[in-house]
Amino acid sequence: MGSVTASDGDCVGGLIGYLYVWGNDVTVANCSAAGNVTGSDEDKDYSGGLIGLAENTSSGKTLTITNCYAAGAVEGGSTGGVLGHTDGSGVLAVSDCFWNSDASGTTATLGNGSNPSDTGTISMTESDMKDAAFNDTLNDKALDLIFEDNDLALKGWKSVAGSYPVLNGVGNSEKNMMPAVDNVEISGEAEQGKVLTASYDYADLNGDSDQSTCRWYRGGRRRRNQCRGDSGSFGFELHADP
C-alpha cells in the first residue's frame, strides 16, 4: 500500500479509512500497511497506521483485528499505531498487531475511543520489523488462525532482506512453505486385534491439501509400511509380530 493523505473531517488509515460493522462477526487478519498516513490536526479526524476508524454497532457481535502490522508514519488529530479511533456497542478484539514506533512516533495502539480487548499488540522498532524473526512470528500466528478455523485461506509471509515481510505470492513469486500439524492424538487400545487411530489438525500456508502419510512403530521397529488415511486421521489394526 502507498501513502495516504486525507482532508479535514476524514478518517484515514494505511489499509482502511472507515471500517463499519453491522449485523455480523467480522475478522481482519493477516494484512499490512507500509505507507505513511496523514490526516488533519482536528480532534475529529482519525488517523491509524492500519485503520482510521473502526466502528462496530452490533451488540453481541465481534470485530476481530489480528496478525497485522503497520510500518509507516502516522499524523493527524487522533492517531494510533494501529487504530485512530473506535466506536460502537459491539466487541472489538485486537490481538497480535504491530506497528513501527520509529516511524509512527507513538506507543499507543489506539488514538481514542472505547478501549478494545488488546492482547499482545506491541510497538516495534524498524530494525526488529525487518528482522527474519518477525516474519516467523507472523507465520506462526497465521498457522494458529488456520488451526482455529479450517475455513480460513491465509497466505504465509515471506521475509525480504532489508525490508518488511510481504505476503507470499501476492505480487511476488510464491515460495513453497512447510505445512504444519498440531493437536496430534492417538486413541484406541494397544492390544492385538484392536485399532489404534492417530488424529491431528493440518494447516498449510500455500493452501495445499493434506498429503500426509504415517508410519507406525512398536519397540523401536517399524511394523507396517507407510499408510494413508483420510485427511487428519490414520488407523492401524494391531497384529502379532511375524
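For clarity, every value in this text was computed on a predicted model and none was experimentally measured. (Residues numbered from 1 in each chain as written. Predicted model: local features only at pLDDT ≥ 70, side-chain atom pairs only at ≥ 80, totals over all residues. Heavy atoms only, no water.)

## Description of the nonpolar core
The nonpolar side chains of a soluble globular protein tend to be buried with one another. Core analysis: the largest hydrophobic core is formed by 19 residues, its most contacted members being Leu-50, Ile-51, Leu-63, Ile-65, Cys-68 and Leu-83. Breaking this core down by element, the ones donating at least two residues are β3 (16-21), β4 (26-33), β7 (51-56), β8 (62-70) and β12 (91-100). Excluding anything up to four places from it in sequence, Cys-68 contacts Val-28, Ala-29, Asn-30, Cys-31, Leu-50, Asp-96, Cys-97 and Phe-98. Within the second largest apolar cluster, ten residues are counted, among which are Leu-143, Leu-145, Ala-180 and Leu-205. (Core = buried A, V, L, I, M, F, W, Y, C linked by side-chain atoms within 4.5 Å. Buried < 20%, exposed > 50% of the residue type's maximum accessible area, 1.4 Å probe, protein only. Helix = DSSP H or I, 4+ residues; strand = E, 2+ residues; numbered from the N terminus. Contact = heavy atoms within 4.5 Å.)

## What to know about the pairing of β8
When you tally the buried positions in β8, you get seven out of nine residues, the bulk of the element. The pairing of β4 with β8 spans seven bridges and is parallel. Among the inter-strand pairings, Ala-29 is bridged to a residue of β8, identified as Thr-66. Relative to β12, β8 is paired through eight bridges, and the arrangement is parallel. Bridge pairing in β12 links Leu-63 to Leu-92. (Pairing = 2+ DSSP bridges.)

## Remarks on a nonpolar patch on the surface
Together, Tyr-18, Tyr-20 and Trp-22 make up an exposed nonpolar region whose accessible area comes to about 420 Å². As for its placement among the helices and strands, Tyr-20 is situated in strand β3. We classify Tyr-20 as partly exposed; its relative accessible area is 46%. (Patch = residues over 30% accessible without salt bridge, like charges linked within 9 Å, V, L, I, M, F, W, Y side chains within 5 Å. Areas by Shrake-Rupley, 256 points an atom, 1.4 Å probe, with all protein chains shown as cover. Salt bridge = Lys/Arg side-chain N within 4 Å of Asp/Glu carboxyl O.)

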